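Observations on chain architecture
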Amino acid sequence: MKEYIRMVVVLTVIATVCGFLLAAVRKGTETRIEEQVLLYVQGPAVNKVLSSSTNDLIQDRQEISVQGQDYLIFVGERNTQPWAVAFERTAGGYGGDIGVLVGFDIERDIVTGIGILTHSETPGLGARVSESIFTDNFNNKTLNANFNVKQDGGFVDAVSGATISSRAVCSAVRKSLELYPEIKKEIVKQ
Amino acid sequence: MAKAKSISYEFFKGFWEILPPFRLVLGLCPMLAVTKYVENGLGMGIATTFVLLFSNIIISSIKSVIPKKVRIASYIVIIATFVVIVELVMQAFFYSLFEKLGIFIPLIVVNCIILGRAEAFASKNPIHLSAADGLGIGLGYTMSLFFISAIREILGAGTFFGMHIMWGSYEPFAFMIEAPGAFICLGLLLAMMNLIPNKLSGAN
């Protein structure tokens, strides 16, 4: 009995100490990681989907709250007038959540394009949803288009062998479509 | 324990006598997966060295309090902690390397070299020897990864650290940066590693 108690105690102590250590490291690197992600992950994607903007998209990012939830949005401006907005929505893929940045043209109400921000899909299969051959499917689509893969009656050419990942991207895009009218309202107000 | 152990012996054995992954045939998965380019190979080696050094030190220093039956679980928790630290630090300061190594950083947890050294060495030896062992094996592993990735990158892409070093008309031998190229490269190097000492000692 004594032996069992000892095992439990030792393992608990080790796990607790490790937990605290990790929390401390995480806290210490948090802001720096956020900056790096903005620079390396969101930066290129935002600049791609809102490519004809004249402002610094990363610097002009803002947080807005819609229905009690905060969203990070990137507003594209032309001649100091906002013309487009991009934000991220996630959906569960094959290996975890896929974060999809969707750009909207608020003047013409169309999807300008999408970019994959985060994913943990299988390299060579699901991970290929981040390649432009797949993401270009979504360029310049009207909001009433059927954002589904072809098997489900939509217009999106799924990556072969990666239907689950492709569906997840479509589902994230549909989620952002739901949110878009609210976000547009907020931007027009400003 | 008849043999007297010295720090320098424990350190330098990792460079030839039990050089991973050629002598100590462990840690093959990351070595096959990330040695496409020198930068990746070197980054992986350094990350592994860091984890190996610190997990060896910690495990050696608390070896007397860990009950035998839960030792593997304890080792894994400690190793995993250092791997996550490496992952966070790399993400914060070397983001492009972090993106390239991707899934293989968390997989350092299951790199057999690390658990192998914890079980075979750190759990039986004092701290200073365990530190020397971890550092030596880690640097030896880094050296091997560097060597293999240099061969693969130069032949497979015609570059070294991303710089073009082959003559202009060189047609990259793309096979070398694919997975089969890794196996063949590793096999040939292993064969050479066995051939040279045999020749030197006059055996057949």
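It should be noted that the structure appears before, not after, this text.
A few points on the structure. (Residues numbered from 1 in each chain as written. Chains lettered and ligands numbered in written order. Predicted model: local features only at pLDDT ≥ 70, side-chain atom pairs only at ≥ 80, totals over all residues.)

1. Examining the overall build of chain B
Counting secondary structure elements, chain B contains 8 helices and 2 strands. When the elements of chain B are put in sequence order from the N terminus, they spell out α-α-α-α-α-α-α-β-β-α. Taken over C-alpha atoms, the radius of gyration comes to 18 Å for chain B, in line with the 17 Å a tight globule of 204 residues would show. Expressed along its principal axes, the backbone C-alpha trace of chain B runs to roughly 60 × 50 × 25 Å. Each of the 204 residues in chain B was classed as buried or not, and the buried ones make up 40%. (Helix = DSSP H or I, 4+ residues; strand = E, 2+ residues; numbered from the N terminus. Rg over C-alpha atoms; globule rule 2.2 N^0.38 Å. Buried ≥ 20, exposed ≤ 12 C-beta atoms within 10 Å, placed from the backbone.)

2. As for the overall build of chain A
In terms of helices and strands, chain A carries 3 helices and 6 strands. The C-alpha radius of gyration of chain A comes to 20 Å, more than 25% above the 16 Å expected for a compact globule of 190 residues. With the C-alpha coordinates aligned to their principal axes, the bounding extent of chain A is approximately 70 × 40 × 30 Å. Counting only residues that meet the buried cut, chain A has 32% of its 190 residues in that class.

3. Notes on the interface of chain B and chain A
Taken together, the 19 residues of chain B in the interface contact 17 residues of chain A. Looking at the side of chain B that touches chain A, the elements with two or more residues in it are α4 (71–93) and α5 (95–101) of chain B. A per-class count over the side of chain B that touches chain A returns 13 nonpolar, 4 polar and 2 charged. (Contact = placed C-beta atoms within 7 Å. Nonpolar A, V, L, I, M, F, W, Y, C, P; charged D, E, K, R; others polar.)

4. Quick notes on helix α8 (residues 179–200) of chain B
In an α-helix, one full turn covers 3.6 residues, which means residues spaced three or four apart are oriented alike. Between its terminal C-alpha atoms α8(B) stretches 32 Å, which fits the 32 Å expected from 22 residues at 1.5 Å a residue. Each element contacted by the buried residues of α8(B) is listed here: α2 (28–34) and α7 (127–157) of chain B. (Expected span 1.5 Å × (residues − 1).)

5. Notes on the sheet that holds strand β5 (residues 110–118) of chain A
All names here are of chain A. An order of β1-β2-β3-β4-β5-β6 is seen for the 6 strands of this open sheet, with the pairing classed as antiparallel. Bordering the open sheet on either side are β1 (62–66) and β6 (141–142), each of which pairs with just one other strand. The sheet contact formed by strand β2 (residues 69–78) and strand β3 (residues 81–92) spans 6 bridges and is antiparallel. Among the inter-strand pairings, Arg 78 is bridged to a residue of β3, identified as Gln 81. Running over the sheet, helix α1 (residues 2–49) touches β2, β3, β4 (97–105) and β5 and is turned about 165° from β5. This element, helix α3 (residues 163–189), spans β1, β2, β3, β4 and β5 of the sheet and lies at about 140° to β3. (Pairing = 2+ DSSP bridges. Axes fitted to C-alpha atoms, helices over the stretch in contact; angles between N-to-C directions.)

6. Remarks on the packing of helix α3 (residues 38–61) of chain B against α4(B)
Residues and elements named next belong to chain B. Packing of α3 against α4 brings their axes to within 9 Å, and their N-to-C directions diverge by 145°. Along this stretch, α3 crosses α4, giving a crossing that reads as right-handed. The segment α3 lies against α4, with Ala 47, Phe 50, Val 51, Phe 54, Ser 55, Ile 58 and Ile 59 engaging Tyr 75, Ile 78, Ile 79, Phe 82, Val 83, Val 86 and Met 90. Looking at side-chain class alone, the contact of α3 with α4 contains 13 nonpolar, 1 polar and no charged residues. (Left-handed = near helix turned anticlockwise from the far one by under 90°.)

7. Some words on the pairing of β1(A)
The two faces of a sheet get side chains in turn, since along a regular strand they alternate between them. Residue and element names in this part refer to chain A. Bridging between β1 and β2 involves 5 bridges; their strand directions are antiparallel. Bridge pairing in β2 links Val 66 to Gln 69. The loop that links β1 with its antiparallel partner β2 comprises 2 residues; one of these, Gln 67, has a positive phi angle of about 50°.

8. Comments concerning the packing of α3(B) against α7(B)
Packed helix pairs are specified by the crossing angle of their axes together with the interaxial distance, meaning the distance between the axes. Residues and elements named next belong to chain B. Following both chains from N to C, one finds α3 and α7 inclined at 170°, their axes separated by 8 Å at the closest point. For the element pair α3 / α7, the angle class is roughly antiparallel. Crossing hand, α3 versus α7: right-handed. For the contact of α3 with α7, the residue count by class is 17 nonpolar, 13 polar and 2 charged. (Parallel < 35°, antiparallel > 145°, perpendicular 65-115°, else oblique.)

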